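The lines below spell out each chain.
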Protein chains: 2
Amino acid sequence: MEQHSPSKKIKSILADRKAYTTPHRQAIVNLLAQSKPMSAQDIISALKKADINRATVYRELKFLKELGLIEELQLPGRKKYYEIQKHHHHHLICTRCHTIKQLELPRLVCKLLADITYINNCTITNHNLEFSGLCNRCQKYL
Amino acid sequence: MEQHSPSKKIKSILADRKAYTTPHRQAIVNLLAQSKPMSAQDIISALKKADINRATVYRELKFLKELGLIEELQLPGRKKYYEIQKHHHHHLICTRCHTIKQLELPRLVCKLLADITYINNCTITNHNLEFSGLCNRCQKYL
DNA sequence: TTGACAAATGCGACAAAGTCGCATATTATA
DNA sequence: TATAATATGCGACTTTGTCGCATTTGTCAA
Ligand SMILES: [Zn+2]
Ligand SMILES: [Zn+2]
Ligand SMILES: [Zn+2]
Ligand SMILES: [Zn+2]
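A quick note: this is a predicted structure, and the numbers were derived from the prediction, not measured. (Residues numbered from 1 in each chain as written. Chains lettered and ligands numbered in written order. Predicted model: local features only at pLDDT ≥ 70, side-chain atom pairs only at ≥ 80, totals over all residues. Heavy atoms only, no water.)

A.B. asks: Looking at this structure, how should I read the sheet that holds strand β3 (residues 81-83) of chain B?
C.D. replies: Strand pairs in the sheet, formed through backbone hydrogen bonds, run parallel or antiparallel to each other. An order of β1-β3-β2 (chain B) is seen for the three strands of this open sheet, with the pairing classed as antiparallel. At either margin of the open sheet sits one strand with a lone partner, and together these are β1 (38-39) and β2 (71-73) of chain B. (Pairing = 2+ DSSP bridges. Helix = DSSP H or I, 4+ residues; strand = E, 2+ residues; numbered from the N terminus.)

A.B. asks: Help me out: how do you make sense of the relation of the copies chain A and chain B in this one?
C.D. replies: Each of the two chain copies can be generated from the other by rotation about an axis followed by a shift along it. Relative to chain B, chain A is turned by 179 degrees and slid 0.1 Å along the rotation axis, the superposed coordinates differing by an RMSD of 0.3 Å. Within this description, the copies of the chain are treated as partners about a two-fold rotation axis. When C-alpha distances to the rotation axis are compared across chain A, the minimum falls at A:L129, with a value of 2.2 Å. (Least-squares fit on C-alpha atoms with pLDDT ≥ 70 in both.)

A.B. asks: When you look at the packing of helix α5 (residues 107-120) of chain A against helix α5 (residues 107-120) of chain B in this model, what are you seeing that I'm missing?
C.D. replies: Any two packed helices are characterised by the angle at which their axes cross and by the distance between the axes. With their axes 10 Å apart at the nearest point, α5(A) and α5(B) run at an angle of 150 degrees to one another. Looking at the two axes, α5(A) sits roughly antiparallel to α5(B). By crossing handedness, the relation of α5(A) to α5(B) is classed as left-handed. Residue-level inspection shows A:L108, A:V109, A:L112 and A:L113 of α5(A) in contact with α5(B), the latter providing B:L108, B:V109, B:L112 and B:L113. (Axes fitted to C-alpha atoms, helices over the stretch in contact; angles between N-to-C directions. Parallel < 35°, antiparallel > 145°, perpendicular 65-115°, else oblique. Left-handed = near helix turned anticlockwise from the far one by under 90°. Contact = heavy atoms within 4.5 Å.)

A.B. asks: What is the right way to read the protein's contact with DNA strand C from this model?
C.D. replies: As a matter of local geometry, DNA strand C sits amid 25 residues, with A:R54, A:K79, B:Y20, B:R25 and B:T56 nearest to it. When the atoms of DNA strand C within 4 Å of the protein are sorted by group, sugar and phosphate make up 69%. At 3.4 Å, a side-chain N or O of A:R59 approaches a base oxygen of DNA strand C. Separating a phosphate oxygen of DNA strand C from a side-chain N or O atom of B:R25 is a distance of 2.4 Å. Those elements giving two or more residues to the surface near DNA strand C turn out to be α4 (54-66) of chain A together with α2 (23-33) and α4 (54-66) of chain B. If one sorts the elements of the surface near DNA strand C by residue count, α4(A) sits on top with five residues. Among the residues forming the surface near DNA strand C, the class breakdown is eight nonpolar, five polar and 12 charged. (Near = heavy atom within 4 Å. Polar contact = N/O pair within 3.5 Å; in protein donor to acceptor, adjacent residues only side chain to side chain. Nonpolar A, V, L, I, M, F, W, Y, C, P; charged D, E, K, R; others polar.)

In structure tokens form, the structure reads like this:
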């Protein structure tokens, strides 16, 4: 467990952007580093001991996303979810129990998605690819 | 232009579900049939002459989606967008001008996405695949 | 054609998610 | 340790969406 304090890498990314290494910022990064994708409200609740203001959490999530330290997921529904991706991946959200599972995807797929740029004469910087359906537990019950 | 009144097909879908063919319902379907993807607020504004209540528009969109008459898009951002898809497709939302463009995608891609079911032992019913980047106009300016 | 009954609508209050300006507090660094 | 830049709390506000309930409208069969 050498993840209690922010890594050198994160510290240098913050320093490059003249951003401070504050307790709140660390708390959010540490929380996401060891959890499933969370909504802003999930994070506010999870950190209620740390007593972080709602607005601060929203600002922080926006900022950390801009820095590329966290990913923002657009799953079906009206909230955004956030996570730290060790490697690029996508998800399934179960329409029955609402669990979010990481999915295995052939590497070919994401490579193909990058090529869409050339076909369409545009500049793609990101793709949002999420699935809905039944997780392996729920598909037994329906 | 034979699309002024709801098609036989739509009428029969509505009848099957014991749903009425009301002016508001027709207005929303007709509007989406001849426009780019629109948010609920876009639709409310566009139909302000028809004086449809906000709640009615939201209820209607939910209902038409359940019927499969319209598609709900989860683009990056916090609104949902709605459209009538003549054929399944995906979009690019421009991070500079926020225009939504329909994208050409190799057919192979959506076929691969269906196979994820077998790899992951789950039941996929839908995929949400949307892109962000620069549209062909905006990429000239940056 | 006309009830009768189900479905749709308007209204207004509410809820959830997110944003903003401004005064205060904290951080880095010299 | 002083300073300047950054971060935070607070509270009001906005946007997006939902709900219950009274009223109106659409459908269908008599
Ligand atoms: Zn499930
Ligand atoms: Zn990918
Ligand atoms: Zn553009
Ligand atoms: Zn597809």
